[in-house]
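Structural description and commentary
Listed below, chain by chain, are the residues.
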Amino acid sequence: LFMLKINDKEEISDGMLSHKLVTGNNESSITILFVSSLTCSPCRIAQEKIDSMLMNFRDKVKVDFRFSVDLEDKNSMISRAIRHIVAIGLTSGDLAWRALSVWNAQQKPDIETWIKRFPIDNSPEQTQQVNALLVEQQDWFRKSQLPGTPIILINNRLYPDEYALNDLQYHVRKLTEVVSEEITT
């Protein structure tokens, strides 16, 4: 039933970004695209569910993650954290995902300690790349006309509203079984 529901959803292009922040298996035919905001409590919960799913399916799934961010705000703690995660992601999607997980796990965010834990080179070139990528992500988000965050797309189709996020791991397991059957037949 899940496969029918998700296949009924309109396909949404993942956009031609200059760089994608990816964790998991980059070669997987199953892609979860996750759009988050660090100010969104449901986004934290969704990220935890994806994190849990990755513990079991990291070798079978690719997670492409993006942020909804106010591009004008460059100095707030949230903007600094997002820009820092994106900077990390320019060289390591896995480490950027880990930084996001650690950020979301903090009861009271301590950006200075967190930045020290996940250092970046902070060069002008890197800052320029981060800014350009965030503009690309925002343009994609706006053009896609997606509702607010969190957003989860599975193979470019919106995760059906009628399915709980708690069931994501179950549905991903089923998808990996279908993909395995298609490969062996």
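What you see is a predicted model; the values in this text were computed from it and never measured.

Let's shift gears to the overall build of the chain. Looking only at helices and strands, the chain has seven helices and five strands in total. Counted from the first residue to the last, the chain has its helices and strands arranged as α-β-β-α-β-α-α-α-α-β-β-α. Taking 16 Å as the expected radius of gyration for a compact globule of 185 residues, we find that the chain reaches 16 Å, a close match to that expectation. A principal-axis box enclosing the C-alpha atoms of the chain has dimensions of 50 × 30 × 30 Å. Here the chain holds 185 residues, and the buried ones make up 46% of them. Taking the contacts inside the chain whose residues are at least 6 apart along the sequence as the reference set, 78% of them involve residues at least 24 apart. Carbon and sulfur atoms provide 49% of the accessible area of the chain, an area that totals close to 10000 Å². Across the chain, 21 positive and 25 negative side-chain charges occur, with their mean positions spaced 4 Å apart.

With that out of the way, let us pick up the pattern of salt bridges. Tallied over the full model, the rule gives nine salt bridges. For the salt bridge of Arg-80 with Glu-112, the shortest nitrogen-to-oxygen distance reads 3.1 Å. You can see Arg-80 sitting in helix H3 (residues 77–89) and its partner Glu-112 sitting in helix H5 (residues 111–117), a full 32 residues away along the chain. In this structure, Glu-177 engages Arg-173 in a salt bridge whose closest nitrogen and oxygen atoms are separated by 3.0 Å. Here Glu-177 pairs with Arg-173, and both are found in helix H7 (residues 168–184), just four residues apart, close to one helical turn. By relative accessible area, which is 31% here, Glu-177 ends up partly exposed. By relative accessible area, which is 33% here, Arg-173 ends up partly exposed. Several salt bridges converge on common partners, so that one network encompasses Arg-173, Lys-174 and Glu-177.

A few words on the environment of Ser-76. Relative to the helices and strands, Ser-76 resides in the loop between strand S3 (62–67) and H3. A polar atom in the side chain of Ser-76 sits 3.2 Å from the backbone nitrogen of Ser-79.

Attention now goes to the sheet that holds strand S1 (residues 21–24). With respect to topology, five strands assemble into an open sheet ordered S1-S3-S2-S4-S5, the strand pairing being mixed. Lying at the two open borders of the sheet, with one neighbouring strand each, are S1 and strand S5 (157–158). Where S1 lies against S3, four bridges are found, and the strand directions are antiparallel. Bridging across to S3, Thr-23 finds its partner in Val-63. Those strands touched by H3 are S1 and S3, and its axis lies near 145° from that of S3.

What counts and what doesn't
- Residues numbered from 1 in each chain as written.
- Predicted model: local features only at pLDDT ≥ 70, side-chain atom pairs only at ≥ 80, totals over all residues.
- Heavy atoms only, no water.
- Helix = DSSP H or I, 4+ residues; strand = E, 2+ residues; numbered from the N terminus.
- Rg over C-alpha atoms; globule rule 2.2 N^0.38 Å.
- Buried < 20%, exposed > 50% of the residue type's maximum accessible area, 1.4 Å probe, protein only.
- Contact = heavy atoms within 4.5 Å.
- Areas by Shrake-Rupley, 256 points an atom, 1.4 Å probe, with all protein chains shown as cover.
- Lys, Arg positive; Asp, Glu negative; His and termini not counted.
- Charge placed at Lys NZ, Arg CZ, Asp CG, Glu CD.
- Salt bridge = Lys/Arg side-chain N within 4 Å of Asp/Glu carboxyl O.
- Polar contact = N/O pair within 3.5 Å; in protein donor to acceptor, adjacent residues only side chain to side chain.
- Pairing = 2+ DSSP bridges.
- Axes fitted to C-alpha atoms, helices over the stretch in contact; angles between N-to-C directions.

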